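Structural description and commentary
Now for the letters of each chain:
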Amino acid sequence: MTFSDITTEEKNRVLSELADVKDDFAKRGWFPGTSGNLSMRVGDFDAEQFHFAVTASGKDKAARTPEDFLFVDKDGKACETTSLKPSAETLIHCEIYRLTGCGAVFHVHTVFNNLISEYYGDQGHVPIQGIELIKAFNIWEENAAIEVPVLPNYAHIPSIAELVPGVLQEKVPGILLRNHGIYVWGKNAFEARKHLEAFEFLFEVMYRGLLLKK
């Protein structure tokens, strides 16, 4: 499916849904200093050809304007003539879509995901076990354990993107960048938001648990 094959109605639906998610996350304080980025796929998925809407670079995410998003292809290149630039980290979104075929990818910077990713950074993953909200990832066994990957926060974004295939896990829909933020994904915006809320809860529990041990 080419970009021109995607209906205007589908494009508008995705833009509207992304705008609602952006408003919600902005109210939670998850976009400090214009940081973070959101995307949703449009049209059918093929690993060799897909398209998605992504936040434009440098925008105030607490505001809602017609210039908040643009459409890009599998390489992160704009699909339409525009003066907007995609988020600097769009290549990481590209890799996640290519590898998972998901419908939405959200990236936010929070205090808890920064602290936890730094604390476990040398270990390369955050070990989480026995906390109820692991079930948000459709993992139901008793005392379940997961490991959330932590990647180095290189200034050169392609260097991060090329590491994603080596750490992405089918059952753990999230990847941390050390002392930076988290990427989460889901089959649609609802599922990606559910995963993000669950990760943020887990990281806060982990952080407060570490404080209790001191």
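Structural notes, computed from the coordinates. Worth saying up front: this structure is predicted, and the values here are computed from it rather than measured.

This brings us to the pattern of salt bridges. The final tally for this structure, using the stated rule, is 14 salt bridges. Here Arg 13 makes a salt bridge to Glu 17, at a shortest N to O gap of 3.0 Å. One end of the pair, Arg 13, and the other, Glu 17, are both in helix H1 (residues 8-27), four residues apart, so they sit about a helical turn from each other. You can call Arg 13 partly exposed: its relative accessible area is 40%. The residue Lys 135 makes a salt bridge to Glu 132 at a minimum N-O spacing of 3.0 Å. Exposure remark for Lys 135: the relative accessible area of 32% places this residue in the partly exposed category. It is possible to trace a salt-bridge network through shared partners that takes in Asp 24, Arg 28, Arg 193 and Glu 197.

Among the nonpolar cores identified, the biggest contains 45 residues, and Phe 25, Phe 106, Val 126, Ile 128, Val 148 and Phe 203 are the most heavily contacted of them. Ranked by residue count, the leading element in this core is helix H6 (residues 189-212), at nine residues. Setting aside residues up to four positions removed in sequence, Phe 25 forms contacts with Trp 30, Phe 31, Leu 38, Phe 106, Val 108, Arg 193 and Leu 196.

To continue, consider a nonpolar patch on the surface. Residues Leu 133, Phe 201 and Val 205 make up a contiguous nonpolar surface patch of roughly 220 Å² in combined accessible area. Mapped onto the fold, Val 205 is located in helix H6.

What follows deals with the packing of helix H3 (residues 111-119) against H6. When two helices pack together, their arrangement is given by the angle between their axes and by how far apart the axes lie. Contact geometry of H3 with H6 gives a least axis separation of 9 Å together with a crossing angle of 60°. Our classification of the angle between H3 and H6 gives oblique. Our pair here, H3 against H6, has a crossing hand that is left-handed. Along its contact with H3, which presents Phe 112, Asn 113, Leu 115, Ile 116 and Tyr 119, the element H6 presents Glu 200, Phe 203, Glu 204, Met 206, Tyr 207, Arg 208 and Leu 210. Here the residues of the contact of H3 with H6 sort into eight nonpolar, one polar and three charged.

Cut-offs applied
- Residues numbered from 1 in each chain as written.
- Predicted model: local features only at pLDDT ≥ 70, side-chain atom pairs only at ≥ 80, totals over all residues.
- Heavy atoms only, no water.
- Salt bridge = Lys/Arg side-chain N within 4 Å of Asp/Glu carboxyl O.
- Helix = DSSP H or I, 4+ residues; strand = E, 2+ residues; numbered from the N terminus.
- Buried < 20%, exposed > 50% of the residue type's maximum accessible area, 1.4 Å probe, protein only.
- Core = buried A, V, L, I, M, F, W, Y, C linked by side-chain atoms within 4.5 Å.
- Contact = heavy atoms within 4.5 Å.
- Patch = residues over 30% accessible without salt bridge, like charges linked within 9 Å, V, L, I, M, F, W, Y side chains within 5 Å.
- Areas by Shrake-Rupley, 256 points an atom, 1.4 Å probe, with all protein chains shown as cover.
- Axes fitted to C-alpha atoms, helices over the stretch in contact; angles between N-to-C directions.
- Parallel < 35°, antiparallel > 145°, perpendicular 65-115°, else oblique.
- Left-handed = near helix turned anticlockwise from the far one by under 90°.
- Nonpolar A, V, L, I, M, F, W, Y, C, P; charged D, E, K, R; others polar.

These values are about where atoms sit, not about what they do.
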